[in-house]
Amino acid sequence: MGYDPDEILYKPIEKPSPVFWYTVAGLLVIIGWALFMYVRQLYLGLGVTGMNQPVSWGFYIVNFVFFIGISHAGTLISAILRLSKAEWRRPITRMAEVITAIVLAIGGLHPIIDLGRPDRLLNIFRTGRLQSPLLWDVTSITAYFTASTVYLYIPLIPDIAILRDRGAKPQWLYKFLSWGYQGTERQKHVLERAMNILMVMVIPIAVSVHTVISYIFSMTLQPGWHSTIFGPYFVVGAIFSGIAALLIVMIAFRKVFHFEAYLKEVHFRYLGNLLLIMSLLWFYFTFSEYLTGYFGHEPFEMRVFFYKFSGKYAPYYWGMVMCNFVIPVLILSFKKTKRIPGILIAAIAVTIGMWLERLIIVVPSLANTRLPYPTGIYVPSLVEWSLLIGAVSVFVLGFVLFSRFFPLISVWEIKEGRETSVKEVSERLESYLPDTESVRY
Amino acid sequence: MPRWGMVIDLDKCTGCGACVAACKQENNVAYNTPEEAERGRTLSWINIMTEVEGEYPHLRVRYLPLPCMHCDNPPCIKVCPVRATYKADNGIVAQIYPRCIGCRYCMAACPYTVKDFNWFEPQWDPEIKKTTNPDVSLRPKGVVEKCTFCHHRLIKAREQAALEGREMLEEEYQPACVETCPANAMFFGDLDDPNSIVARLSRSPRAFRLMEDLGTEPKVYYLSEGEKII
């Protein structure tokens, strides 16, 4: 095998740096602590959290909605970019798909962490009621997880085959996972067919997942939850936070693995544009949601409204508006600030802001009951904070482990881009232009 | 099939709390430390909501005993993923403790906030533990519980009547709170029997239900407070 221009993409797999082990060890310590806290919660009961009556849902449900939201980064963005034949997608899709798979697993575990009796989890199959929005969630998240892991794996096969042929260790892993892929015409054709079917399938599933999560809230009668636009509002928020998470991951690994040649300024600019659009769209939805609530002036609705606008949750509410709208729009609207450091700040702000949004949706509606009950208080305990940090650590660990065994940038798609797409795209471009023969004078 | 319901006369209620105490005893509702109660972890199947109106010295205190409303259209059973809460044919909204997975969705969906969760393993004073009611099961930690209209008393009365080979009388089934109320402010019976006291009181012009506009059709009626001339 001669000189490979993409040598740097194999480096994290073939010559891992010792930093890898330190990172893994550090993350395992944090995860171990979170696990200990969870076992303690299992043993003592959910009383160790800050939840109470009437705030019977807290961090766990917030994190559940948040993480599942992030999962829209991946599969959805990668599928849309592939479908629309956006050529700049090539170095991005893999990372986006990995985010989805890891974050879905984390998010899907959160309702189980939140259960009072996780030992009875299987009751949802034994005596499950399909009329309950929670069951819709179980169904759609399982479907999405299955579809998106397959969608991560299928485009990974040619890369695994390349690694197998290069003799990367452990050989058995690559031999097994490459399924005898040799890159023949027929295999390529089947692979492409499978990818095409999957990317069309994955989009409606992804949309359904977050719609159904919003239904958990909007199907109840509670003020602040019972809203018809919750479905699309959640989906928009999910894609928004997903793009932000993708940008953070891209910037981090670009730095760590020196992918500067692959992840260029232009990729960040394009994704930054997308983030800007989603920020405006998010603002539009938030504005509609709260204005309709305010204009109707229903007394219970107003209690929740003012709790967010000027009450106890005002710092979080306005913090959210800052993080999700003011900061990203200011940074991304100007060419001067729309560079990688600026985009990183915007992406971090959006991630925090979207987490705050989930908090603002879950807690205030529960805290302000309809009855003249004292307004509920919710102060998350050490357990809940530990599990949040643990969940983030699992995410990082998942990414670090993936990058140790598989290329974070799709090697074969880069090669394909270099070898065939340039010609293909110029042909395609020509086909867009008006035909000279058919123009009649 | 009767449709069991309750009427609470707010004019008569003195807010003494006897119903709360009787309910706790009858249904083996766990005790709690003051610190935990402060944090909103109290278990109580019937609560007395207190509202203070006006300023000293012109104060007026209102009391509203709040059991489960046993809605005819309960928002809680609609959301339960495992059918651990359901409406029985006689209108009582029941809870299946051994099936509940503790997701607390029903608590979030209940507009009356009358569902309680066992945040810890339930605890009793050792002396009281010896006197728990054998008719009511003890709940484990991690499940939701709520007022059952003392459903076990219905079973008992029905079986007693069957044993004696006769129809059960309405008066034979009374929840503990109703039986205890020293002010005689609470009534219980079949809402579908036009001659029963609850059916008659529920038709009173003073009768109202909580949040009727939500369409939950509660089976607990209140008789509103009238003007008092001293």
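Residues numbered from 1 in each chain as written. Chains lettered and ligands numbered in written order. Predicted model: local features only at pLDDT ≥ 70, side-chain atom pairs only at ≥ 80, totals over all residues.

Caption draft 1: Spotlight on the overall build of chain B. Each helix and strand counted, chain B has 8 helices and 10 strands in total. Here the C-alpha atoms of chain B give a radius of gyration of 18 Å, agreeing with the 17 Å that 2.2 N^0.38 yields for 230 residues. In terms of principal-axis extent, the alpha carbons of chain B reach across some 50 × 50 × 35 Å. Classification of the 230 residues of chain B by burial places 43% in the buried group. Across chain B, the fraction of contacts at a sequence separation of at least 24, relative to all contacts at a separation of at least 6, is 62%. (Helix = DSSP H or I, 4+ residues; strand = E, 2+ residues; numbered from the N terminus. Rg over C-alpha atoms; globule rule 2.2 N^0.38 Å. Buried ≥ 20, exposed ≤ 12 C-beta atoms within 10 Å, placed from the backbone. Contact = placed C-beta atoms within 7 Å.)

Caption draft 2: Fine view of the overall build of chain A. Along the backbone of chain A there are 17 helices and 0 strands. The globule rule puts the C-alpha radius of gyration for 441 residues at 22 Å, and the 23 Å found for chain A is close to it. Projected onto the principal axes, the alpha-carbon positions of chain A cover approximately 75 × 70 × 45 Å. Put simply, chain A has 441 residues, and 42% of those count as buried. Restricting to contacts in chain A with at least 6 residues of sequence separation, those with at least 24 account for 81%.

Caption draft 3: Representation of the interface of chain B and chain A in the model. Tallying the contact residues gives 35 residues for chain B and 36 residues for chain A. It is helix α4 (residues 105–109) of chain B that provides the largest number of residues to the side of chain B that touches chain A, a total of 4 residues. Here the residues of the side of chain B that touches chain A sort into 21 nonpolar, 4 polar and 10 charged. (Nonpolar A, V, L, I, M, F, W, Y, C, P; charged D, E, K, R; others polar.)

Caption draft 4: Quick look at the sheet that holds strand β1 (residues 4–9) of chain B. The strand order across the open sheet built from 4 strands is β8-β1-β10-β9 (chain B), with neighbouring strands paired in mixed fashion. Edge positions in the sheet fall to β8 (186–190) and β9 (207–208) of chain B, since each of these pairs with one other strand and no more. (Pairing = 2+ DSSP bridges.)

Caption draft 5: Main features of the pairing of strand β2 (residues 47–53) of chain B. All names here are of chain B. For β2 and strand β3 (residues 60–66), the ladder comprises 7 bridges, and the chain directions are antiparallel. When the bridges of β3 are listed, I48 appears paired with P65. Hairpin geometry of β2 and β3 is characterised by an intervening segment of 6 residues between the two adjacent antiparallel strands and by a positive phi of about 80° at G54.

Caption draft 6: Local environment of the pairing of β8(B). All names here are of chain B. Counting buried positions along β8 yields 5 of 5 residues, so the element is predominantly enclosed. Note that β1 and β8 share 5 bridges and pair antiparallel. In the sheet register, I8 faces β8, and the bridge partner there is M186.

Caption draft 7: Structural context of helix α1 (residues 18–26) of chain B. All names here are of chain B. Turning to α1, its buried residues are C19, V20, C23 and E26. Looking straight down α1, one finds that the buried residues subtend no more than 135° of arc, so they occupy a single side. Taken together, the buried residues of α1 touch β2, β3, α7 (176–180) and β8. In the segment just after α1, N28 is the residue with positive phi, at about 55°. (Arc of directions from axis to C-beta.)

Caption draft 8: Highlighting the environment of B:A176. Residues and elements named next belong to chain B. For A176, the location among the structural elements is in helix α7. For A176, a count of 22 C-beta atoms within 10 Å corresponds to the buried category. Placed 153 residues apart in sequence, A176 and C23 show a C-alpha to C-alpha distance of 5.9 Å. Setting aside residues no more than four positions away along its own chain, A176 makes contact with A22, C23, E26 and C150.

Caption draft 9: Layout of the packing of helix α4 (residues 74–83) of chain A against helix α5 (residues 93–114) of chain A. Residue and element names in this part refer to chain A. Where α4 meets α5, the axes come as close as 7 Å, and the angle between the chain directions of the two elements is 150°. Viewed along their axes, α4 and α5 adopt a mutual orientation that is roughly antiparallel. Seen from α4, the contacting residues are G74, T75, I77, S78, L81 and R82; seen from α5, they are T93, A96, E97, I99 and T100. Split into classes, the residues belonging to the contact of α4 with α5 amount to 4 nonpolar, 5 polar and 2 charged. (Axes fitted to C-alpha atoms, helices over the stretch in contact; angles between N-to-C directions. Parallel < 35°, antiparallel > 145°, perpendicular 65-115°, else oblique.)

Caption draft 10: Seen up close, unusual backbone geometry. With an omega of 10°, the peptide bond between A:Q53 and A:P54 qualifies as cis. With respect to the secondary-structure elements, A:P54 resides in the loop between α2 (19–44) and α3 (59–70). Going from B:Y56 to B:P57, the amide bond is cis rather than trans, its omega being 5°. By secondary structure assignment, the location of B:P57 is in the loop between β2 and β3. Of note in the backbone geometry, B:C150 takes a positive phi value of approximately 45° without being a glycine. Mapped onto the secondary structure, B:C150 falls in the loop between β7 (144–145) and α6 (151–163). The class for B:C150 is buried, based on 26 C-beta atoms found within 10 Å. In the Ramachandran plot, B:E217 falls in the positive-phi region, its phi being about 55° despite a non-glycine side chain. Structurally, the position occupied by B:E217 is in the loop between β9 and β10 (220–223).

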